[in-house]
Structures are given as C-alpha cells and as structure tokens.
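Coordinates in review
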Amino acid sequence: MINHLERVRKAKVIQKNFRNYLWRKRVREAAQEWRNLVAEQQMQDFDLLYAHVEKWKLGEYQRINETCSGATRIAELNALLDKEVQLLNGIEYQKNLIRKELKENRIQRQLVNLGRPTKWVGYKNRLELIQQIREILHESEYTCNRVELEELFSREKRLLECNYNAKDLVNLHQRQQALFLDIIFSVGKTKPKADDTRMCIKCKNVRPLADFTLHTRQKVVAICQTCSNLKLSAIDKSIYKAILRSIRRDERQRGALASYAFIIQEDDIRFLIENIWHGHSVLSQCDNRMELRLPRWKMTEDWAPWNCICLTQTEARAHINVQHLHRVYEKNFLQDVQGRNSLALTAFRKLKEVDFDFVESGEWWNVGLDGQTI
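Residues numbered from 1 in each chain as written. Predicted model: local features only at pLDDT ≥ 70, side-chain atom pairs only at ≥ 80, totals over all residues. Heavy atoms only, no water.

The subject of this paragraph is the pattern of salt bridges. In total, this model carries 9 salt bridges according to the counting rule given. One salt bridge connects Arg9 with Glu6, and the closest N-O pair in it is separated by 2.6 Å. Here Arg9 pairs with Glu6, and both are found in helix α1 (residues 2-67), just 3 residues apart, close to one helical turn. Arg9 gets classed as partly exposed once you look at its relative accessible area, which sits at 45%. In this structure, Glu60 engages Arg63 in a salt bridge whose closest nitrogen and oxygen atoms are separated by 2.8 Å. Here Glu60 and its partner Arg63 are both found in helix α1, 3 residues apart, which amounts to about one turn of the helix. With a relative accessible area of 22%, Glu60 lands in the partly exposed category. Since its relative accessible area comes to 38%, Arg63 is described here as partly exposed. Where salt bridges share partners, they join Glu54, Lys57 and Glu84 into one cluster. (Salt bridge = Lys/Arg side-chain N within 4 Å of Asp/Glu carboxyl O. Helix = DSSP H or I, 4+ residues; strand = E, 2+ residues; numbered from the N terminus. Buried < 20%, exposed > 50% of the residue type's maximum accessible area, 1.4 Å probe, protein only.)

Glancing now at the nonpolar core. Ranked by size, the top nonpolar core spans 35 residues in total, and within it Ile269, Ile273, Trp277, Leu294, Trp297, Trp303 and Ile309 carry the most contacts. Elements with a contribution of two residues or more to this core: α7 (237-253), α8 (266-276) and α11 (331-347). Aside from chain neighbours lying at most four places away, what touches Ile309 is Trp277, Val282, Arg293, Leu294, Pro295, Arg296, Trp297, His319, Phe333 and Val337. Judged by nonpolar contacts, the second largest core, of 12 residues, contains Leu129, Ile133, Leu160 and Leu172. (Core = buried A, V, L, I, M, F, W, Y, C linked by side-chain atoms within 4.5 Å. Contact = heavy atoms within 4.5 Å.)

If you walk through the whole model with that rule in mind, you get 6 aromatic pairs. Taking 4.9 Å as the distance between ring centres and 65° as the angle between the ring planes, the aromatic pair formed by Tyr260 and Trp306 counts as edge-to-face. On the criterion of sequence distance, the pair formed by Tyr260 in the loop between α7 and α8 and Trp306 in the loop between β3 (292-293) and β4 (311-312) is long-range, its members being 46 residues apart. What makes Tyr260 buried here is its relative accessible area of 13%. By relative accessible area, Trp306 is classed as buried at 16%. Through pairs of rings, three or more aromatic residues link up here, namely Trp297, Tyr329 and Phe333. (Phe/Tyr/Trp six-rings, centres within 6.5 Å; stacked < 30°, edge-to-face > 60°.)

That's the geometry; what it means functionally is another story.
Here you go:
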C-alpha cells in the first residue's frame with residue numbers, strides 16, 4: 001500500500017513538472033509570435049498615439065476657452081503647449097528606438113540570408129579567407145572604402161601571424177563588418193539620374209522619385225514621404241483601413257475584381273469621408289467614424305469613389321437590397337447624393353482618365369502575371 005502511494009505521488013510530481021514545462025514552452029512560443037507581430041505593426045501604431053494626443057489637445061483647448069479668459073487663458077495655453085511638446089517628444093523618442101531596432105533586425109536577417117560564416121580553425125584558414133576576399137574586392141567595381149578595408153585585412157594578417165587570440169580582434173572584426181555592410185547595401189545601386197529626382201516643396205530636399213508619395217488625386221509629384229507622414233501624423237488611419245477592407249471584401253464577393261476599390265488607398269477613403277461626406281452618414285447624420293461605411297450607390301455598377309454613399313453599417317445592409325433608388329429615396333435626397341458623387345468624380349478625375357487609357361491600351365491583361373495578389 002505504501003509503495004503504491006509513493007508511486008502515485010512520484011507520478012503526480014512528474015505530471016506536474018511536465019505540465020509546467022509545456023506551459024512555459026507555449027508561453028515562449030506565444031511571446032515570440034507576439035514579438036514578430038508587434039515588430040510589423042509598431043511603426044503604424046504610432047499614428048494612433050499621435051491621433052490620441054491631437055484629440056486630447058483639442059479637448060483641453062476647448063475646456064480652456066470655456067473656463068478661462070485673459071491672462072489665465074494665456075498661461076493655460078502655454079502650459080498646454082508644453083505638455084503637448086513633451087508628449088510628442090516622448091513618442092518621437094520611442095519611434096526612433098523602434099526604427100533603430102527594426103533596422104538592426106533587417107541587417108541581421110540580410111546577413112543570415114547571405115549565408116553562414118565560414119568556419120575556420122587556426123589563423124591559416126583565416127588568412128586564406130582574407131586573401132579570397134581581397135581578390136574579390138579587386139575584381140569588383142566597388143572602390144569606395146576598399147583601401148580602408150584592405151588596410152584592416154593587412155592589420156589582421158599581421159596580428160594573426162603574431163599568434164594573437166581571435167577574441168582580441170573583436171573590435172577589428174566589427175569595423176570590417178561595418179565596411180562589408182556598406183558594400184552590401186551599395187553594390188547594385190546606381191545613382192539616380194536628374195530626370196528621376198524631384199525637389200520636395202516642403203523640405204526643399206532633392207530626392208529620388210521612389211521617396212515621394214503617390215495617390216490617386218494628385219497631378220504632380222511634389223511632397224516626399226517624410227513630409228507626408230508629418231502632415232498626416234495626427235490621423236488614426238486604422239478607421240479608414242477598416243472601411244477600405246469592408247469595401248474590398250464586398251467587391252470581391254460580388255466578383256468585381258476590376259473595381260476602383262483595389263486601387264485607392266486609406267488616404268482616399270479619408271478624403272471621401274471627411275471632404276465629400278463631411279464625416280457623417282447622409283441618412284442619420286451619425287458621425288461615429290467606426291460605424292461608417294461606403295457601399296455602392298448604384299448596385300448594378302462597380303464601386304467607385306463617384307458611385308458610393310456614406311451610411312452606417314445598419315443602413316448599408318438595408319441599402320444593398322434597394323433595387324430602384326427613386327422608389328425608396330426622396331428627390332431632394334437623390335439630388336444631394338448625386339451632387340456629392342459629382343464632387344468625388346471631379347476630385348478623382350485623373351484616376352478615371354488613367355484607368356481609361358490603361359484599359360484602351362490593352363495593357364490591363366498584364367495585371368497579376370507577376371504573381372502578386374490584389
């Protein structure tokens with residue numbers, strides 16, 4: 001009886017430790033998945049922080065205007081400005097830390113993809129490796145920093161011949177690695193031509209065309225990506241992303257893969273919501289952005305910025321079942337919606353012209369042949 005109880009007790013201890021091991025393993029796996037997910041979304045989440053700071057500032061500004069006046073109001077506004085600057089500096093500091101961490105991770109992944117390092121035993125194999133690298137540098141067209149890199153190799157060669165320990169050459173290897181990274185990122189890159197550059201009208205810096213923002217309403221390439229991010233930093237883009245996802249989901253279910261919904265971006269949805277429909281439902285005047293949707297206006301035509309209506313989710317579900325608009329809506333309401341869609345057509349006129357030229361030229365059939373999905 002005692003031996004049986006002892007075996008049961010030991011079995012419980014083993015089971016307890018095994019469950020503890022499984023629990024710790026799952027926690028580590030979940031933590032790793034979360035870190036990978038957060039690393040991809042951290043930079044986008046800063047837009048939400050900027051939006052919260054802007055919302056807080058507007059609320060405080062309204063409170064000060066309602067409760068204070070004269071010198072007291074000026075003092076409160078100065079204090080509010082100091083708090084806003086402090087919050088923005090803190091967010092920018094954390095943003096720079098995240099950007100630096102992501103850059104380091106990107107460099108490490110690129111080094112891993114280039115291949116595992118050559119394993120060597122003793123300095124002779126290392127000297128052979130150094131000689132091979134120097135020959136590759138002489139054959140390549142890369143000349144920048146080559147003299148400095150060869151000097152570092154020569155210095156390492158002399159130290160290895162003097163039986164220096166490899167642990168004492170860590171700093172020397174780090175300098176070599178920095179020069180190698182410069183070569184890796186520079187080889188294959190060509191200096192942009194004059195025709196491939198533009199001067200940003202905001203920061204007055206000359207940048208390649210790839211550094212400029214592109215959207216469907218612009219006529220010229222004028223503002224770079226950095227200045228565009230500063231301009232829209234206080235906007236919560238997640239709301240407009242959700243609206244755009246719902247539009248694309250509906251169009252995909254209807255089989256309308258040639259719809260303009262797969263061309264426009266979050267900034268275009270924000271323009272439609274805020275500038276065309278003034279941030280509220282055209283029926284109920286609901287201004288809760290989380291509830292707003294942009295379904296088709298005419299259900300028989302593909303979605304387009306000039307063929308949509310701003311409604312809440314409940315109103316949108318009822319609207320998609322409407323077959324004859326003039327039988328359900330009043331004449332004044334129809335004219336109002338058609339007027340707003342005319343404004344959207346004017347704003348997105350360039351998009352329609354480009355789409356017409358693209359389809360008429362016959363180049364549309366190449367879309368999707370590169371293996372990318374919409």
